[in-house]
Amino acid sequence: MKMRRCRSCKEYTLEEHCPHCGGELEVIYPPRYSPEDKYGKYRRILKKQLAETH
């Protein structure tokens, strides 16, 4: 699974199509390691959403 971002509404998801607007997604390549981890917030949100749906 790769994190993707909608080109239209800029929302992040793991789905094949944007669940918010149905727009086209682009693959977000993982950032370099950083102790500040600026994407950690999004990763935790997605993990929580996936746990709730399964």
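All of these numbers come straight from a predicted model, not from anything done at the bench.

Looking now at the pattern of salt bridges. Tallied over the full model, the rule gives 5 salt bridges. Notably, a salt bridge pairs glutamate 26 with arginine 5, separated by 2.8 Å at the nearest N-O pair. Separated by 21 residues along the polypeptide, glutamate 26 in strand β3 (residues 25-27) and arginine 5 in strand β1 (residues 4-6) bring together distant segments of the chain. By relative accessible area, glutamate 26 is classed as partly exposed at 23%.

Examined against the element boundaries, threonine 13 turns out to sit in strand β2 (residues 12-13). With a relative accessible area of 5%, threonine 13 lands in the buried category. In terms of polar contacts, threonine 13 uses its side chain to reach the backbone amide nitrogen of glutamate 15, at 3.1 Å.

So, how was this worked out
Residues numbered from 1 in each chain as written. Predicted model: local features only at pLDDT ≥ 70, side-chain atom pairs only at ≥ 80, totals over all residues. Heavy atoms only, no water. Salt bridge = Lys/Arg side-chain N within 4 Å of Asp/Glu carboxyl O. Helix = DSSP H or I, 4+ residues; strand = E, 2+ residues; numbered from the N terminus. Buried < 20%, exposed > 50% of the residue type's maximum accessible area, 1.4 Å probe, protein only. Polar contact = N/O pair within 3.5 Å; in protein donor to acceptor, adjacent residues only side chain to side chain.

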